[in-house]
Amino acid sequence: MPHRTDVVVTDLRAEHGVPLLGLGTSRPRLSWTAGATGEPSPEWEQGAYEVRVTPLPPAPRAGEESWSSGRIDSGDSVLVPWPAPPLRSRERVRVEVRLWGAEDPEPTPFSPPLVVETGLLDPSDWVAVPVGPDWDEDPDTDHRPALLRRQFSLPGPVARARLHVTAHGLHEVELNGSRVGDEVLAPGWTSYAHRLRYRTHDVTHLLREGDNALGAWLADGWYRGRYGVRGGNRNLYGERTALIAQLEVDLADGHRVVVATGPGEDGHGWRAAHGPLLASSLYEGEHHDARLAVAGFSTPGFDDSGWAGVRSYERDPATLVAAEGPPVRCTQEVLPVAVLTSPSGATVLDFGQNLTGRLRIRVRGRAGERVQLRHAEVLQDGELYTRPLRTAAATDTYVLAGSPEGEVWEPRFTMHGFRYAEVTGWPGRLHEGDVVARVHHSDMARTGWFSCSDERLNRLHENVVWSMRSNFVDIPTDCPQRDERLGWTGDIQVFAPTASFLYDVSGFLASWLRDVAAEQLPDGTVPWYVPDIPGGPRWTPARPGAVWGDVAVLTPWVLHQRYGDVGVLRAQYDSAKAWVDLVERLAGPGRLWNTGLQLGDWLDPAAPPDDPADARTDKYLVATAYFAHSARTLSRIATVLGEHEDAERYGTLADEVRDAFTAEHLRPGGRLSSDAQTAYALAIVFDLLPGGERVAAGRRLAELVAEDDNRVATGFAGVNLVTDALTLTGHDATAYALLTETGCPSWLYQVAMGATTTWERWDSMLPDGTVNPGQMTSFNHYALGSIADWMHRALAGLAPAEPGFRRLLVRPRPGAGLTSASARHETPYGPASVSWRRDGERLVVDVDVPLGARAEIDLPGRPVSEVGAGRHRFEATATPTPASSPA
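Just so we're clear, the structure is a prediction, and the values are computed from it rather than from any experiment. (Residues numbered from 1 in each chain as written. Predicted model: local features only at pLDDT ≥ 70, side-chain atom pairs only at ≥ 80, totals over all residues. Heavy atoms only, no water.)

(A) Structural view of the environment of T319. With respect to the helices and strands, T319 occurs in the loop between strand 21 (310-312) and strand 22 (320-322). According to the relative accessible area criterion, T319 is buried, its value standing at 10%. Distance in space between the C-alpha atoms of T319 and R862 is 57 Å, their sequence separation being 543 residues. Contacts of T319, omitting those with residues within four sequence positions, involve A193, H194, R195 and L196. Looking at T319, its side chain comes within polar contact range of the side chain of R315, at 2.9 Å. (Helix = DSSP H or I, 4+ residues; strand = E, 2+ residues; numbered from the N terminus. Buried < 20%, exposed > 50% of the residue type's maximum accessible area, 1.4 Å probe, protein only. Contact = heavy atoms within 4.5 Å. Polar contact = N/O pair within 3.5 Å; in protein donor to acceptor, adjacent residues only side chain to side chain.)

(B) A look at the pattern of salt bridges. Summed over the entire model, instances satisfying the criterion amount to 76 salt bridges. Between D846 and R873 there is a salt bridge whose closest N-O contact spans 2.7 Å. A residue pair is termed long-range when its members are at least 10 positions apart, and D846 in strand 40 (residues 842-849) and R873 in strand 43 (residues 870-877) qualify at 27 residues. (Salt bridge = Lys/Arg side-chain N within 4 Å of Asp/Glu carboxyl O.)

(C) Region of interest: the packing of aromatic side chains. Counted by the stated rule, this structure contains 24 aromatic pairs. Centre to centre, the rings of W579 and W593 are 5.9 Å apart; their planes meet at 65 degrees, and the pair counts as edge-to-face. Of this pair, W579 sits in helix 6 (residues 566-587) while W593 sits in the loop between helix 6 and helix 7 (619-640); the two residues are 14 residues apart in sequence, bridging distant segments of the chain. Note on W579: relative accessible area 1%, which makes it buried. Judged by its relative accessible area of 2%, W593 falls in the buried class. Ring centres 5.4 Å apart and planes at 65 degrees place the aromatic pair Y736 and W790 in the edge-to-face group. Remark: W790 occurs in helix 14 (residues 787-796) and Y736 occurs in helix 12 (residues 732-740); sequence separation between them is 54 residues. With respect to class, Y736 is no different from W790; both count as buried. Here the aromatic cluster, defined as three or more aromatic residues joined through ring pairs, consists of W189, W222, Y227 and Y283. (Phe/Tyr/Trp six-rings, centres within 6.5 Å; stacked < 30°, edge-to-face > 60°.)

(D) Fine view of the nonpolar core. Counting 174 residues, the largest nonpolar core has F472, V505, L739, W747 and L795 as the members making the most contacts within it. At eleven residues, helix 7 tops the list of elements feeding residues into this core. Core analysis: the next-biggest nonpolar cluster, separate from the first, contains 29 residues, W135, V173, L218 and V310 among them. (Core = buried A, V, L, I, M, F, W, Y, C linked by side-chain atoms within 4.5 Å.)

Such coordinate-based values are descriptive only and should not be taken to indicate function.
Next up, the structure:
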């Protein structure tokens, strides 16, 4: 066992890690990892910890002595409850932690400090009110983006300054001519009537004694711009955009100056004008005329005498909440891999990767020359193919100012999903670097990696990663390109296990789940997509639907399993109960949910293009199976939360639904009423069958896969379960045959067709290279990419055996002729990895277990064993498996 000096505390973090400035809770939970300066002992375990909290200036408690929790006997190190007195609004503290090993008499040194600062925790902290331009605009059209500014004076040197900012619409803020922050599409999209997120920025370095100026750009965004399918709606949350900003400046002499949006006073109020943006829409794109640029509008001394005044609007400050997850940022730049000339003579740039973002151009030309950029995911017959975009124009236009030094421009308030861009009106020749694709998504930390000896599977996995990046743009969307881009609940429900391995989505999804609860109807109905689109005609009003509504139960459970987060279970508990209680009423005493509109096994490859819900698996079989699964999961959630009566009640309900399912759908010999892959996958993975029938059902599932020539025959409801159902019933080889099939429909068919993301339909592109004629044909959906979770757990062999990966399950089952595979994951306890390779008849497996965790080792031909922290090597017999189909 290591001496205490061999162990150090690393990676101390609060809540979900971001943000540390402007935390929205007075009791931030703490997490940390333990590391060893040398080779860690596999037997070292944390036995106790101490938290030390020191106030930092200029908080009210500055000068007080540090507070200490004293020794707390506990092995917990993930999302540990705040042990100190509650923090107050704007309070800034330094947090340090030290540990005792289970058998160490002396503690480790204190960790490197973590500085956290709360935001505005009480509604009474807000003095800012929304303000927007004081001019009349047609509520039935997109509004031209506006500029806002306010000049102010500071009577002394600045010690500290914080800007708390949000908007009705989208905003970018400038202070004394400099951009504040680097996020885009702020403040994002929430259920605005219930929750509007704000962010806190440290702007100390941007201010000075004397005159200063605060400026902002303001656009429609999700708040009132056209959004939704079938033409969409405007004014979803209000008819006018507005900025909500509160700048709090602590001067060196101890005084505080507050500059906030609101009615003007003493002639120093907010002013508004139009700038160079003529139009901006998330679907249509952006039109920027650089000749209309307003230079220096956010600097002091700017003459705004010709500007209009502003109007004030109402906003309940109790609905303003601090952001929990990371903002949307540019995370990568991609250069074109080819410049093409289409048959019509158009210039088309191929970026080699389907992505979400926008283009930055570097151009020189005469004033008034116009560059137009059109975006699309695919080409057809050599031309940009925009039919899948439906009514989204996805076109950006830049009118040059004529600067002799050249001009650099990127849109501000739009986003596109594309691989190809058509460029028209470019003055002169295009040179390398003139057009760059800038990738944008929520800036989550990458936490999971996978690779294997089959490059086709590596490409498939990379496609999954890119589709996640493309669709995690503030909310989990279905697609990033067409006139939709909604937070479909069923899509993320099936993909959440994959997402939580690849990236840290703890704060991102916890925030979105709060919107799920906010949008949930009083009877428990979960809308098909969240945020819902209020007002006006809707093509799909909120109504109960299996798979989609079950997100209220199953996704909080995923976050608990992957991050050890009990808090998200408590926060979503009432929402989860409301959903299961609703389905219980709908099913009635017979416990079969066989009524109402159901999407069922959506986009089963056998469904016709114009009816994606027409699946081989009966939609009510799907509904009842999910009812049983959610009731069972809710019972487990109740157990974790200590709600023992609920745990018993929902466990009994799950038993009753399971019995009703088998009575209705089970046939002799393990057959089901729907003799289809999804039906068996649901019944097996959700544990709805008696033991003997389960074995027979697994055998029948394997037969169906073989009868389908190893091609996928599931839609959204079964795609994340079918390979698990096969491996759970001993059909590993069949699971690999399904994974590695290249005929359509299959995962590798998409790869063979040159896909760089996962598609909405198995055949979004037909074998002849033409686009599927269906009205829903996206080349960037993540739901079908949920197979990656099985690749991590079964192919590579790395899975959580306890919440938060406190215990790992190492159970690789090599197949498909693979000679090696590996998976690595940044668990809450530190990095864990599994890497295996075939060496003749031997299977050599290397395992890394983080300090404070343990691993269960289950390898072919060996008894199950358990190991502690450190690097371990094991050998087993390499079981022969069929080779994959040729590339």
